[in-house]
Structures are given as structure tokens and as C-alpha cells.
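Overview (structure and organization)
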Amino acid sequence: MKSNHTPETLAFQDGKLSLIDQTKLPGELTTLVCETVDQAHDAIYRLVVRGAPAIGIAAAYGVCLARNANSSPSRQAYLQAADHLATSRPTAVNLFWALDRMKDVIEATKDDTQLPTALLNEAIAIHDEDRQMCKAMGRHGATLLNDCHAVLTHCNAGGLATSMWGTALAPIYHLHEQGHSIEVFADETRPLLQGARLTAWELAQAGVPVTVLTDSMAGSLLRSGKIGAVIVGADRVAANGDAANKIGTYPLAVLAKYHDVPFYVVAPSSTFDLKLASGDLIPIEQRPREEVSCPHGVTIVPEAADVLNPAFDVTPAELIAAIVTEKGIIENPNSASVHAMIGGPSQPTSYVG
Ligand SMILES: CSC[C@H]1O[C@H](OP(=O)(O)O)[C@H](O)[C@@H]1O
């Protein structure tokens, strides 16, 4: 895929981490620069950078920022940086997968003076591997959509959620580049509107036809017969194929099943947590009340009312037609097919936040 399909979501240069500030899109394309571990932690928590793979890459570079506090930080300082970054958000396993890799490098690097270079090289490797994984998911996912001219997606699982190109949107970019006519219907995705603000923005930038709908419209759109497939990302996939993704994904899967529309999840192997037997064990982030009750500073819920704001829900494997990974496609995901594709001793430590 052409490199200009989506902007580089993040970059690390001269000891600083630069992030597209996704809280400002679509109105402003601005960059937020992090020079400290705390600033990186805050950027992940506030969703300046978000999306499971992008969070992992940002956290890996975030560990490297410990050097700005002390030109020769001890291994303990780097380990403390990794532990602090692990508290930023609990659901996307890529965060912990990336931090585990950074901790492994600290463990393996016996000479403290080599730590800054070894850690930066690992963060760069994580970043580069993600680019390749996104491209591979684009190729594999496109084979499922060859006869499809309209898909429905939820939240943002595009270039802004990864290094570039995305997970769920990577097949769309791949097909678009091949001249295949495909349009995307994007759920706005309340409460933080990643679909309206981010998915619509990046698809429009790439010249892919996109239509935003409110989340409540998805059922009638699926009933209309216009949608050939639902395709979404994931934040953590359990060993049996259950997938955690942005809140509102599970009801979309139920609707897709009812209307006999294939429901696809696209996720790299770095998003699988084989230590969790099922999606019931995936920690679901609970976010602040204000994101629902007072969007953009406008109070829409009376103080006396309580508010629910889980950031994710879990879609059971039996509602998922296939999980597209960089290694290939897991049809009808279950414990056996997931292990066959993803299994192997070097799996991320499971984190139940
Ligand atoms: C390619 S992972 C994208 C995934 O992450 C999003 O959550 P958030 O915006 O809160 O980081 C959403 O679940 C997307 O599907």
C-alpha cells in the first residue's frame, strides 16, 4: 500500500515522542510532543494516541523517555517507567505486550550504558513490525471483501489506531488502491465519537467514500441489505476467539448475525492474549462519567442521574465469522483455530488490570 494512505500516527526523534493529537481531530491536525514518561502516560490515558497497536508503540517509546529525566537512567528507572505506563489503560493487551518486550530488553542488556540504545532499537522494531503487520492484514482481509462494495465499521481501527493503514481499515485501503469500488459506513461511536471524528477523517483524506451514521442506525442499515460485511478492530482477543472492542461492537455482532451479514475482526497477533481462556476475563476500562454526561462541555445528563461508561464490550467468538491476522485468516474462531494460528510459547503475559 502507498505510504500516503494515512499519516504516520506517531514518531520518535531527538529523544521526543510526537503524536497526532487525536482529541483535536477532525477540526485540527496538530502534534503533541511528549518529553517525559508522565506526558506519554497522560497522552495514552486522554486518548491523544489510542487504538491497541498505537498504544503499544507509544508506550514502547514512552519507556525511552526516561532518559530525559536522567541522561544515564538506571535499569530500575526504566523498569519504573514501564510499570507506570502499564497503568495508563487496562484493556488493550498491546500495551502490556510492548512493555513486556521492553522489560525483556532491560533484562537482557547487562551493561547499563547500553540500555538507551537497546531500548530505542526495540521500540523502533515494534513500530516497524506494526507497519508490516498492518500491510499483511490488509492483504489477507481484502480476500474476504472481493465481492463486497459496502462495509460497516465501528470506532476507529484505521491508520490512527496503529503505526499506519490500521487493522480493520487496512483491507479497505488495500482494495481502494487496487481500484476496487468499496464504500465505508462508519458508526459515529458514542461517547467519544472515534468513528465520526477519526474514521471518517482518515478515509476522506485517503479518498475512500465514507458515510457516518449514529450508532442507533446500524440495525436498519443492516436490515436494508446494503452492507456486505461488518469489519472491526479489537483491543484484546482471548484464547477462545472472544474479542474485546469499543463499546457497541457486541450489539453490532448480534445484529450482523440476525441479518446474516458476515462479522469480521481484524487484529494482529500482538492483540491476542492466549493466557485468558475467554473474553469474560478481559478487563474492561471504565472511563469518566463526564465523557457521557458532558460531551464538549455541554451537560446532557442531570447530576442526580448515574452514568455507565465502559469503554469496551466483548463479542463472543460464535458471532465472529473470521479473525484476520497478519499470519492469515482464522475462520470460525475457537480455541483450537486460534492456537493453531497464533499459538506458541512466546505469548504475552496476561494482564488483568
Ligand atoms: C486497531 S485497535 C482499534 C481499537 O481501539 C479502539 O479503542 P480506543 O479508541 O478506546 O483506544 C477501538 O476499540 C478500536 O476498535
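Bear in mind the structure is a predicted one, so any value in this text is a computation, not a measurement. (Residues numbered from 1 in each chain as written. Predicted model: local features only at pLDDT ≥ 70, side-chain atom pairs only at ≥ 80, totals over all residues. Heavy atoms only, no water.)

Quick look at the overall build of the chain now. A tally of helices and strands in the chain yields 11 helices and 14 strands. In terms of overall size, the chain behaves like a compact globule, its C-alpha atoms giving a radius of gyration of 19 Å where 353 residues would be expected to give roughly 20 Å. When the backbone C-alpha atoms are referred to their principal axes, the chain occupies close to 60 × 50 × 40 Å. Within the span of the chain, comprising 353 residues, buried residues form 56% of the whole. Excluding contacts between residues fewer than 6 apart, the proportion of contacts in the chain whose partners are at least 24 apart in sequence is 76%. With the model as given, the accessible surface of the chain reaches about 14100 Å², and the carbon-plus-sulfur share is 52%. Distance between charge centres in the chain, computed from 25 positive and 38 negative side chains, equals 2 Å. (Helix = DSSP H or I, 4+ residues; strand = E, 2+ residues; numbered from the N terminus. Rg over C-alpha atoms; globule rule 2.2 N^0.38 Å. Buried < 20%, exposed > 50% of the residue type's maximum accessible area, 1.4 Å probe, protein only. Contact = heavy atoms within 4.5 Å. Areas by Shrake-Rupley, 256 points an atom, 1.4 Å probe, with all protein chains shown as cover. Lys, Arg positive; Asp, Glu negative; His and termini not counted. Charge placed at Lys NZ, Arg CZ, Asp CG, Glu CD.)

As for its position among the elements, L19 is in strand β2 (residues 16-20). Taking the C-alpha atoms as reference, L19 lies 35 Å from A256; in sequence the two are 237 residues apart. When residues no more than four places from it in sequence are discounted, the contact partners of L19 are T9, L10, T30, T31, L32, C34, A43, V48, V49 and A58.

Taken together, 16 residues lie around the ligand, and G51, R89, D235, N245 and K246 are the ones closest in. One of the side-chain nitrogen or oxygen atoms of N245 is found 2.5 Å away from an oxygen atom of the ligand. Contact between the ligand and K246: an oxygen atom at 2.7 Å from a side-chain N or O atom of the residue. Compared with its free state, where it exposes 400 Å², the ligand has 100% of that area covered by protein. If you list the elements that add at least two residues to the shell around the ligand, you get α2 (52-64) and β9 (243-246). Of the residues assigned to the shell around the ligand, the class counts are six nonpolar, six polar and four charged. In this structure, the shell around the ligand is formed jointly by two domains, domain 1 (10-133) and domain 2 (137-342), each of which donates at least three residues. (Near = heavy atom within 4 Å. Polar contact = N/O pair within 3.5 Å; in protein donor to acceptor, adjacent residues only side chain to side chain. Nonpolar A, V, L, I, M, F, W, Y, C, P; charged D, E, K, R; others polar. Domains from an automatic or database assignment.)

Looking at soluble globular proteins, one finds that nonpolar side chains tend to be buried together. With 40 residues, the main nonpolar core has L17, L19, V63, M102 and L119 as its most contacted residues. Sort the elements by how many residues they give to this core and α2 lands first, with 10 residues. Beyond its immediate sequence surroundings of up to four residues, V63 is in contact with Y78, A81, A82, L85, L99, M102 and L119. If you look at the next biggest cluster of nonpolar residues, it comprises 29 residues, including A150, V230, F272 and I320. (Core = buried A, V, L, I, M, F, W, Y, C linked by side-chain atoms within 4.5 Å.)

Time to look at the UniProt feature "active site" (unreviewed entry) in the chain. Within this structure's numbering, the places UniProt gives as "active site" (unreviewed entry) are D235. Here D235 shows up in the loop between β7 (229-232) and β8 (236-238). The buried category is assigned to D235, whose relative accessible area is 9%. (UniProt positions renumbered as here; feature names shortened; annotations may be inferred.)

Here the UniProt feature "site: Transition state stabilizer" (unreviewed entry) sits at C155. With respect to the helices, strands and loops of the structure, C155 is situated in the loop between β4 (150-153) and α6 (170-177).

Time to look at the sheet that holds strand β13 (residues 322-324). The strand order β6-β5-β4-β7-β10-β13-β14 describes an open sheet built from seven strands, whose pairing is mixed. Only two strands of the sheet have a single neighbouring strand rather than two, namely β6 (210-213) and β14 (329-331). Taking the axes of each pair of neighbouring strands and ignoring which way they run, one obtains an average angle of 25° across the sheet. Where strand β5 (residues 183-187) meets β6, four bridges bridge the pair, whose relative direction is parallel. Within the sheet, the bridge partner assigned to A186 lies in β6 and is V212. Relative to strand β10 (residues 263-266), helix α9 (residues 249-258) is tilted by about 145°, and along the sheet it contacts β4, β5, β7 and β10. (Pairing = 2+ DSSP bridges. Axes fitted to C-alpha atoms, helices over the stretch in contact; angles between N-to-C directions.)

Next up on the list: the sheet that holds strand β12 (residues 312-315). The mixed open sheet is built from four strands, whose spatial order is β11-β8-β9-β12. Edge positions in the open sheet fall to β11 (272-273) and β12, since each of these has one partner strand only. Sheet topology note: the β9/β12 ladder contains four bridges and is antiparallel. Residue pairing in the sheet places K246 in a bridge with F312 of β12. The strands that α9 touches are β9 and β12; relative to β12, the one it contacts most, it runs at about 35°.

Before going further, it helps to spend a moment on the packing of aromatic side chains. What the rule picks out here adds up to one aromatic pair. Between F12 and Y61, the ring centres sit 5.0 Å apart and the planes meet at 10°, which makes this aromatic pair stacked. Here Y61 lies in helix α2 and F12 lies in strand β1 (residues 10-13), a separation of 49 residues in the sequence. With relative accessibility at 4%, the residue Y61 sits in the buried group. Directly above the ring of F312 sits K246, whose terminal nitrogen or CZ lies 4.3 Å from the centroid. Above the ring of Y45, the side-chain terminus of R287 is found at 4.8 Å from the ring centroid. (Phe/Tyr/Trp six-rings, centres within 6.5 Å; stacked < 30°, edge-to-face > 60°. Lys NZ or Arg CZ within 6 Å of the ring centre and 35° of its normal.)

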